[in-house]
Amino acid sequence: YALTASYIPPTIFSKGGGIADYSAGITDNRAYATWRAPFSCSVVALYGWRDGGTTGEINARKSGSGGYLLHTGSNLSLSTQDIWVAANSVTNSIYAPGESLEIILSGSTGTPNQLAVQVDFVKI
């Protein structure tokens, strides 16, 4: 986009969620629906975060009439604790009204205590 006096950049908003298990750590794959799109929007970024354990993996997907479509080609590895890690690229990024965001947590390799996902969108 050209920066002009009349240009207003799109507003980015974030959705996501997380799960915690401080007694035994996250030991299995879990998917949770966290948000339903009320309007058309597009994914512009995906981030993951981990607390505890030695590693963890996250991903996100949209679900709806088009099926279950991951936002990254492979899970995002969270090898460093307490650092938000960004996915290099996102796919399947267009949401229609009524489609749902699901966060996918996988802690089977490093039993983290908490995993979180943030997905940034723009309204289209």
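Above: the structure in question.
Throughout what follows, the structure given in this document is the object of discussion. (Residues numbered from 1 in each chain as written. Predicted model: local features only at pLDDT ≥ 70, side-chain atom pairs only at ≥ 80, totals over all residues. Heavy atoms only, no water.)

## Some words on the overall build of the chain
Just so we agree on the cut-off: Only runs of H or I of at least four residues qualify as helices and only runs of E of at least two qualify as strands under DSSP, and these elements are numbered from the N terminus. With a 1.4 Å probe rolled over the protein chains alone, any residue whose accessible area is under 20% of its type maximum counts as buried; one over 50% counts as exposed, and the rest are partly exposed. Contacts between residues were defined by any pair of non-hydrogen atoms, one from each residue, lying within 4.5 Å. Only four residue types enter the tally: Lys and Arg on the positive side, Asp and Glu on the negative side; His and the chain ends are excluded. We put the charge of a Lys on NZ, of an Arg on CZ, of an Asp on CG and of a Glu on CD.
Within the chain one finds zero helices and ten strands. In sequence order, the secondary structure elements of the chain are arranged as β-β-β-β-β-β-β-β-β-β. Seen through its C-alpha atoms, the chain measures out along the principal axes to roughly 55 × 35 × 20 Å. Taking all 124 residues of the chain together, the buried fraction comes to 40%. Nonlocal contacts in the chain, meaning residues at least 24 apart in sequence, comprise 79% of its contacts between residues at least 6 apart. For the chain, the distance from the average site of its 7 positive side-chain charges to the average site of its 8 negative ones is 10 Å.

## Considerations on the packing of aromatic side chains
Stated formally: Aromatic contacts are taken between Phe, Tyr and Trp rings whose centres are within 6.5 Å, Trp giving its six-membered ring; a plane angle under 30 degrees counts as stacked, one over 60 as edge-to-face, and the others as tilted. By definition, being over a ring means that NZ of Lys or CZ of Arg is both within 6 Å of the ring centre and within 35 degrees of the ring normal.
In this structure the tally under the stated criterion is seven aromatic pairs. Residues F13 and F39 carry aromatic rings whose centres are separated by 5.8 Å and whose planes lie at 80 degrees to one another, so their mutual orientation is edge-to-face. Here F13 is found in strand β1 (residues 12–20), whereas its partner F39 is found in the loop between β2 (29–36) and β3 (41–51), with 26 residues between them in sequence. An aromatic cluster is built from F13, W35, F39, Y95 and F121, whose rings are joined through pairwise contacts. Positioned over the ring face of Y95 is K62, at 5.8 Å from the centre of the ring.

## Description of the pattern of salt bridges
Cut-off, in case you're wondering: Salt bridges are defined as contacts in which a side-chain nitrogen from Lys or Arg sits within 4 Å of a carboxyl oxygen from Asp or Glu.
Inspection of the entire model under this criterion finds three salt bridges. Two residues, D28 and R30, come together in a salt bridge whose shortest N-O distance is 2.7 Å. Using a relative accessible area of 36% as the deciding quantity, one classes D28 as partly exposed. For K62, the salt bridge goes to E99, with nearest N and O atoms at 3.7 Å.

## Re the side chain of K62
Heads up, the condition is: Side-chain atoms alone can form a polar contact between residues adjacent in sequence; in general such a contact is a pair of N or O atoms within 3.5 Å, and within protein one must be able to donate a hydrogen while the other accepts it.
Within the secondary structure, K62 sits in strand β4 (residues 57–64). By relative accessible area, which is 10% here, K62 ends up buried. There is a polar contact of 2.3 Å between the side chain of K62 and the backbone oxygen of I94. Residues within four places of K62 in sequence aside, it is in contact with G67, Y68, L69, H71, N92, I94, Y95, E99 and S100.

## A short note on unusual backbone geometry
Look at D82: it is not a glycine, yet its phi comes out positive at around 60 degrees. By the secondary structure assignment, D82 is in the loop between β6 (76–77) and β7 (85–86). For D82, a relative accessible area of 42% puts it in the partly exposed group. With phi around 40 degrees, T111 is a residue other than glycine that occupies positive phi space. Residue placement: T111 occurs in the loop between β9 (100–106) and β10 (114–123). You can call T111 partly exposed: its relative accessible area is 35%.

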